[in-house]
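# A closer look at the structure
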Amino acid sequence: MYRLLCDENLREFWDGLPDDVGHQLTVALADVLYEPFIETEPFGIDDSINRQLVRPLVTAILAVNPDAGTVRIYDIQLT
């Protein structure tokens, strides 16, 4: 299982999302922490690090570091 990293500004943005959007993001990220390469798709160049999590209401831009066992959120966007 991977650890989730997120800076304080994004955490506050996440907390302020409408309930349905926040729930969708939370559930999707929980799945990503178990299988980050199955639950996400490449973002930009397919380098297996920069990934995006796309759901109907929200998209998150992520960096996956298998060596450190972390997934870092870089951006959250409403779709």
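Scroll up for the structure.
Residues numbered from 1 in each chain as written. Predicted model: local features only at pLDDT ≥ 70, side-chain atom pairs only at ≥ 80, totals over all residues. Heavy atoms only, no water.

### Details of the sheet that holds strand β4 (residues 58–65)
- Taking strand neighbours across the sheet as the criterion, the five strands line up as β1-β5-β4-β3-β2 in an open arrangement whose pairing is mixed. Of all the strands in the sheet, the pair left with one neighbour each is β1 (3–5) and β2 (41–42).
- The sheet contact formed by β2 and strand β3 (residues 50–54) spans two bridges and is antiparallel. Paired with Glu41 across the strands is Gln52, a residue of β3.
- Each of β1 and β5 (70–78) touches helix α1 (residues 8–15); the most contacted strand, β5, lies at about 50° to it. (Pairing = 2+ DSSP bridges. Helix = DSSP H or I, 4+ residues; strand = E, 2+ residues; numbered from the N terminus. Contact = heavy atoms within 4.5 Å. Axes fitted to C-alpha atoms, helices over the stretch in contact; angles between N-to-C directions.)

### Describing the pairing of β4
- Most of β4 is tucked away, with seven of its eight residues classed as buried.
- The antiparallel hairpin formed by β3 and β4 contains three residues in its connecting segment.
- Here eight bridges tie β4 to β5, and the two strands are oriented antiparallel to one another. Bridged to Leu62 within β5 is Ile73. (Buried < 20%, exposed > 50% of the residue type's maximum accessible area, 1.4 Å probe, protein only.)

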